[in-house]
Amino acid sequence: MNHELEPVGIAGRFRGFLPVAVDVETGGFNANSDALLEIAAVIIEMTPFGELRPGPNFRYHVQPFHGSRIDPASLAVNGIDPHHPLRPAMPEKEALTQLFREIRKAVRDTGCTRAVLVGHNASFDLGFLNAAVARADIKRNPCHPFSSFDTATLGGVARGQTVLSRAVTAAGHEWNADSAHSAIYDAERTAMLFCTICNRFRSMYEEALERAPELAARDPDEAPPLE
């Protein structure tokens, strides 16, 4: 294999998608009925040498939507008091508008066409994100509505661990149990795990790129760049 391949940039690495690690803290497991209480995101970057690394991060406390359900058992896990007077929470639409503004900027700056969610058990985070987008009637969602990268799957394949704390530890990173179940902490650990695994698989990616360089080109029917 030729180890002198020039890095293609993050837009080329994932067919025009920009990975964004996302974690949500909620009032339960049902995205349609249970409150979204916190959302955090970490933009994935690529160094000039082709290595992935966690980039800028964003965190928003969210007000429970009207009529939402909040299970006390969920609050016992994430430690959130949704009605604390000093909690700097904002409505779902405002939180998502601010977050999506940052993601769209990153998508444009990297030459990507749209973002793709990276999550640990990603269907959970994507489900809550999509439900909040629908409730808030947001028209410009920069994230792919159903595609995602799941670090539970990647961790199981690469490290034999599907639990986030175990996968992060197996990947050689620290895990602080006292900080867990904070959206920003879990998003940062998820981003770090994703980058570590992708970087370890880099030689396989470069092998495939050398074997079939035409596959690095974007499909003609892919979405146009975000404006």
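Going by the structure above, here's the rest.
An account of the accompanying structure is given in this report.

Quick notes on the rules
- Residues numbered from 1 in each chain as written.
- Predicted model: local features only at pLDDT ≥ 70, side-chain atom pairs only at ≥ 80, totals over all residues.
- Heavy atoms only, no water.
- Pairing = 2+ DSSP bridges.
- Helix = DSSP H or I, 4+ residues; strand = E, 2+ residues; numbered from the N terminus.
- Contact = heavy atoms within 4.5 Å.
- Axes fitted to C-alpha atoms, helices over the stretch in contact; angles between N-to-C directions.
- Expected span 1.5 Å × (residues − 1).
- Buried < 20%, exposed > 50% of the residue type's maximum accessible area, 1.4 Å probe, protein only.
- Arc of directions from axis to C-beta.
- Core = buried A, V, L, I, M, F, W, Y, C linked by side-chain atoms within 4.5 Å.
- Patch = residues over 30% accessible without salt bridge, like charges linked within 9 Å, V, L, I, M, F, W, Y side chains within 5 Å.
- Areas by Shrake-Rupley, 256 points an atom, 1.4 Å probe, with all protein chains shown as cover.
- Salt bridge = Lys/Arg side-chain N within 4 Å of Asp/Glu carboxyl O.

**Observations regarding the sheet that holds strand β3 (residues 52-62)**
Strands sit in the order β4-β3-β2-β1-β5-β6 across an open sheet of 6 strands; the sheet is mixed. The open sheet is flanked by β4 (89-90) and β6 (143-150), the only strands paired with a single partner. Along the sheet, helix α4 (residues 122-136) contacts β1 (17-26), β2 (36-46), β5 (114-119) and β6; its crossing angle with β6, the most-contacted strand, is approximately 165 degrees. Against the sheet, helix α5 (residues 151-159) contacts β5 and β6, and its axis sits at roughly 25 degrees relative to β6.

**Points about helix α3 (residues 92-109)**
An ideal rise of 1.5 Å per residue puts 26 Å on 18 residues; α3 measures up with 26 Å between its terminal C-alpha atoms. Looking only at α3, the buried set comprises Glu92, Ala95, Leu96, Leu99, Phe100, Ile103, Arg104, Ala106 and Val107. Axial view of α3: buried residues confined to an arc of 160 degrees, hence all on one face. Downstream of α3 by one or two residues, Gly111 has phi in the positive range, about 75 degrees.

**Description of helix α7 (residues 183-200)**
Taking 1.5 Å per residue as the helical rise, α7 with its 18 residues ought to reach 26 Å, and the 26 Å between its terminal C-alpha atoms agrees with that figure. Of all 18 residues in α7, 14 are buried; the element is thus mostly enclosed.

**Quick notes on the side chain of Glu92**
Position of Glu92 relative to the elements: it lies in helix α3. Not counting residues within four places of it along the chain, the set of residues in contact with Glu92 comprises Leu36, Val62, Gln63, Phe65, Ala132 and Arg135.

**Brief notes about the environment of Tyr205**
Structurally, the position occupied by Tyr205 is in helix α8 (residues 202-211). Separated by 189 residues in the primary sequence, Tyr205 and Gly16 place their C-alpha atoms 15 Å from one another.

**Remarks on the nonpolar core**
The biggest cluster of nonpolar side chains holds 52 residues, and the ones touching the most others in it are Ile39, Leu52 and Ile103. When residues of this core are traced back to their parent elements, those giving at least two are α1 (10-13), β1, β2, β3, α3, β5, α4 and α7. Residues in contact with Leu52, not counting those within four places in the same chain, are Ile10, Phe14, Ile44, Glu45, Met46, Phe194, Cys195, Cys198 and Asn199. By size, the runner-up hydrophobic cluster in this structure holds 6 residues, among which are Leu164, Val168, Ala171 and Leu193.

**Examining a nonpolar patch on the surface**
Together, Val157, Phe201 and Met204 give the surface a local cluster of nonpolar side chains, amounting to about 300 Å² of exposed area. Within the element layout of this structure, Met204 appears in helix α8.

**So, the pattern of salt bridges**
The full count for this structure, using the stated rule, is 10 salt bridges. The salt bridge partner of Arg69 is Asp34, with a shortest N-O separation of 3.2 Å. Of this pair, Arg69 sits in the loop between β3 and α2 (72-78) while Asp34 sits in the loop between β1 and β2, placing them 35 residues apart in sequence. A relative accessible area of 1% places Asp34 in the buried class. Residue Arg69 is joined to Asp71 by a salt bridge in which the shortest nitrogen-to-oxygen separation is 3.5 Å. Through salt bridges with shared partners, a single ionic network connects Asp34, Arg69 and Asp71.

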